[in-house]
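A closer look at the structure
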Amino acid sequence: TPNIDQFYNKALRFTDFHVSPTCAPTRAAMMSGRPPFKVGVSHTIYQRERMAPDVFTLPQALKSAGYRTGLFGKWHLGDEDSYLPQNRGFDEVLMHGSGGIGQVNLGDFPPNKDNVYFDNVLLHNDTIVKTKGYCTDLFFHSALSWIHEQKKGSSPYFAYISLNAPHAPLVAPESYKKRFLDLGYDQGTAGRYGMVENIDDNFGLLMKKLESWQALENTLVIFMTDNGASHLSGRLNGKRVRHFNAHFKGGKNSPNEGGTHVPAFWQWKGKLTEGTDVKKLTAHLDLYPTFCELAGVTLPAKMQELDGRSLLPLLKDNNATWPDRSLFVHCG
């Protein structure tokens with residue numbers, strides 16, 4: 001991942017940053033500033049992923065401060081009309097259904113089961129559309145197109161590029177799988193690593209475009225994931241091998257550190273100290289109050305209580321006073 005590595009080298013890194021063990025709970029915490037259980041989200045399926053309708057969401061908060069908001073990829077906080085991101089604060093939406101492309105029995109569009117990750121049927125705002133190309137490429141390119149439009153105007157923007165990859169089924173373009181297959185890895189492992197390298201290439205494109213648009217001095221870019229690694233074993237030349245997971249115990253859907261401890265690399269050219277580690281205990285709950293403070297949001301008097309903390313003191317000084325805290329983890 002040379003592009004993400006380069007980003008890491010210049011980033012402020014939260015080295016003890018935690019999320020929920022699965023995707024919908026993490027997204028609920030980000031969008032609400034609360035532990036997922038407090039906003040009705042306890043798992044990823046069987047309607048347990050639907051975020052409570054009375055939540056004043058992060059994009060709603062940012063819109064109140066004049067921001068334009070866009071979601072590209074995975075929503076996973078409810079597929080019924082009242083739960084959709086278009087009705088929860090996002091101006092621009094390109095999304096698949098349920099928790100993954102092709103999860104037709106859980107709410108994704110039926111045609112996606114036949115051609116997983118390629119030429120998918122997606123929801124663009126209020127219109128169902130047939131797309132062309134590989135899903136990750138499409139989400140990044142659509143986001144870049146939207147960001148470019150925002151740069152032409154005067155409104156600040158919040159772009160949420162929320163990928164379904166790397167996620168089962170482990171499918172990547174053949175050009176990304178080939179070298180792993182040639183090394184002797186099984187199809188699943190080749191797909192998994194191919195998805196990761198495809199994300200890296202797209203992330204590199206994002207950074208190059210922002211640089212060419214002279215946007216980096218006025219743009220906070222964050223790279224993170226929504227849970228720990230999954231598919232932690234595969235086969236190499238017929239022998240079972242374990243995939244690296246930073247020496248953590250457990251993985252996705254585990255309450256152990258391997259399920260919750262994820263990358264959190266922040267870069268804002270000229271504003272954040274480059275190549276710095278912040279070792280304080282931080283979490284997905286903290287994004288909502290942080291973004292609101294950075295954007296100058298005035299929150300309404302009647303809304304959910306925020307359980308997260310603003311990270312602004314740590315963005316200014318990685319040794320800032322940060323009182324001890326306890327974070328609780330639940331697995332559906």
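So, a few notes on the structure that sits alongside this text. (Residues numbered from 1 in each chain as written. Predicted model: local features only at pLDDT ≥ 70, side-chain atom pairs only at ≥ 80, totals over all residues. Heavy atoms only, no water.)

Brief notes about the overall build of the protein
Note the following rule: Working definition: helices are DSSP H or I runs of at least four residues, strands are E runs of at least two. Numbering for both runs from the N terminus. Whether two residues are in contact is decided by their heavy atoms: any pair within 4.5 Å suffices. Surface exposure here means Shrake-Rupley accessible area, sampled with a 1.4 Å probe, where a residue is shielded only by the protein chains that are shown. Asp and Glu are treated as the negative residues and Lys and Arg as the positive ones, with His and the ends of the chain left uncounted. Taken as the charge centre is NZ of Lys, CZ of Arg, CG of Asp or CD of Glu, depending on the residue.
On a plain count of helices and strands, the protein comes out with nine helices and 13 strands. On the principal axes, the C-alpha backbone points of the protein span a range of 55 × 45 × 45 Å. Sequence-distant contacts in the protein: of pairs separated by 6 or more residues, those separated by 24 or more amount to 66%. Carbon and sulfur atoms provide 50% of the accessible area of the protein, an area that totals close to 15400 Å². Between the centroid of the 36 positive side chains of the protein and the centroid of its 33 negative side chains there is a distance of 3 Å.

Side note on the packing of helix H5 (residues 174–183) against helix H6 (residues 187–212)
To keep things clear, this is the line we draw: Every axis in this analysis is a line fitted to C-alpha atoms, fitted for helices over the stretch in contact. Angles between the N-to-C directions lie between 0 and 180 degrees. Roughly parallel refers to an angle under 35 degrees, roughly antiparallel to one over 145, roughly perpendicular to one between 65 and 115, and oblique to any angle outside these ranges. Each crossing gets its hand from how the near helix is turned against the far one by less than a right angle, where anticlockwise is left-handed and clockwise is right-handed. Gly is put with the polar residues, along with every residue not named as nonpolar or charged; the nonpolar set is Ala, Val, Leu, Ile, Met, Phe, Trp, Tyr, Cys and Pro, and the charged set is Asp, Glu, Lys and Arg.
Contact geometry for H5 and H6: axes closest at 8 Å, N-to-C directions at 135°. Between H5 and H6, the interaxial angle falls into the category oblique. In this structure, H5 crosses over H6, and the sense of that crossing is right-handed. Of the residues in H6, those touching H5 at Tyr 176, Lys 177, Arg 179, Phe 180 and Leu 181 are Gln 187, Ala 190, Gly 191, Tyr 193, Gly 194, Glu 197, Asn 198 and Asp 201. Looking at the contact of H5 with H6 residue by residue, the classes come out as five nonpolar, four polar and four charged.

Notes on the sheet that holds strand E12 (residues 276–278)
So the rule is basically this: Here the rule is simple: two strands pair whenever DSSP picks up at least two bridges between them.
Read from one edge to the other, the open sheet built from four strands follows the order E8-E11-E1-E12, with strand pairing classed as mixed. On the outer flanks of this sheet lie strand E8 (221–224) and E12, each paired with one strand and no other. On average, adjacent strands in this sheet sit at an angle of 20° to one another, irrespective of strand direction. Those strands touched by helix H1 (residues 2–9) are strand E1 (12–14), E8, strand E11 (264–267) and E12, and its axis lies near 65° from that of E11.

Some thoughts on the sheet that holds strand E4 (residues 92–95)
Paired through their backbone hydrogen bonds, the strands of a sheet run either parallel or antiparallel. Read across the open sheet, the five strands follow the order E6-E5-E4-E3-E7; overall the sheet is mixed. Edge positions in the sheet fall to strand E6 (127–130) and strand E7 (157–162), since each of these pairs with one other strand and no more. The sheet shows a mean angle of 15° between the axes of neighbouring strands, taken without regard to direction. Relative to E4, strand E3 (residues 68–73) is paired through four bridges, and the arrangement is parallel. Counterpart to Gly 70 in the pairing with E4 is Glu 92.

Structural notes on the pattern of salt bridges
Once their charged atoms are close, side chains differing in charge can pair, the charge on each being opposite to the other. Keep this limit in mind: What counts as a salt bridge is simple: a side-chain nitrogen of Lys or Arg found within 4 Å of a carboxyl oxygen of Asp or Glu.
A full pass over the atoms with the stated rule returns 13 salt bridges. Across the pair Arg 34 and Asp 307 runs a salt bridge whose closest N-O atoms are separated by 2.9 Å. Separated by 273 residues along the polypeptide, Arg 34 in the loop between helix H2 (23–32) and helix H3 (58–64) and Asp 307 in the loop between helix H8 (287–295) and helix H9 (312–316) bring together distant segments of the chain. Between Arg 50 and Glu 80 there is a salt bridge, and its shortest N-O distance comes to 3.3 Å. Residue Arg 50 is located in the loop between H2 and H3, and its partner Glu 80 is located in the loop between E3 and E4; the two are separated by 30 residues in the primary sequence. Linked by salt bridges that have partners in common, Arg 34, Lys 38 and Asp 307 make up one network.

Notes on H6
Rules: Expected helix span is computed as 1.5 Å times (number of residues minus one). The term polar contact refers here to a pair of N or O atoms within 3.5 Å; inside protein, the definition further demands a hydrogen-donor-capable atom paired with an acceptor-capable atom, and it admits residues adjacent in sequence only when both atoms are side-chain atoms.
The terminal C-alpha atoms of H6, which comprises 26 residues, lie 37 Å apart, in line with the 38 Å expected from a rise of 1.5 Å per residue. The N-cap residue of H6 is Asp 186: its side-chain oxygen and the backbone nitrogen of Gly 188 are 3.1 Å apart.

Here we look at the environment of His 124
Tracing the sequence through the fold places His 124 in strand E5 (residues 121–124). For the pair His 124 and Met 95, spaced 29 residues apart in the sequence, the C-alpha separation amounts to 6.7 Å. Setting aside chain neighbours within four positions, we find His 124 in contact with Glu 92, Val 93, Leu 94 and Val 129. There is a polar contact of 3.5 Å between the side chain of His 124 and the side chain of Asn 125.

With respect to unusual backbone geometry
With glycine set apart, most residues show a phi of negative sign, and most peptide bonds adopt trans. Inclusion rule: A 1.4 Å probe rolled over the protein chains alone gives each residue an accessible area, and that area as a share of the maximum for its type sets the label: buried under 20%, exposed over 50%, partly exposed in between.
The linkage connecting Ala 165 with the following residue, Pro 166, adopts the cis geometry, with an omega of -5°. Residue position: Pro 166 is located in the loop between E7 and H5. Cis geometry is adopted by the peptide bond preceding Pro 169, which originates at Ala 168 and carries an omega value of -5°. For Pro 169, the position within the fold is in the loop between E7 and H5. In this model, His 76 sits at a positive phi of 60°, which is unusual for a non-glycine residue. Mapped onto the secondary structure, His 76 falls in the loop between E3 and E4. When its relative accessible area of 3% is taken as the criterion, His 76 is described as buried.

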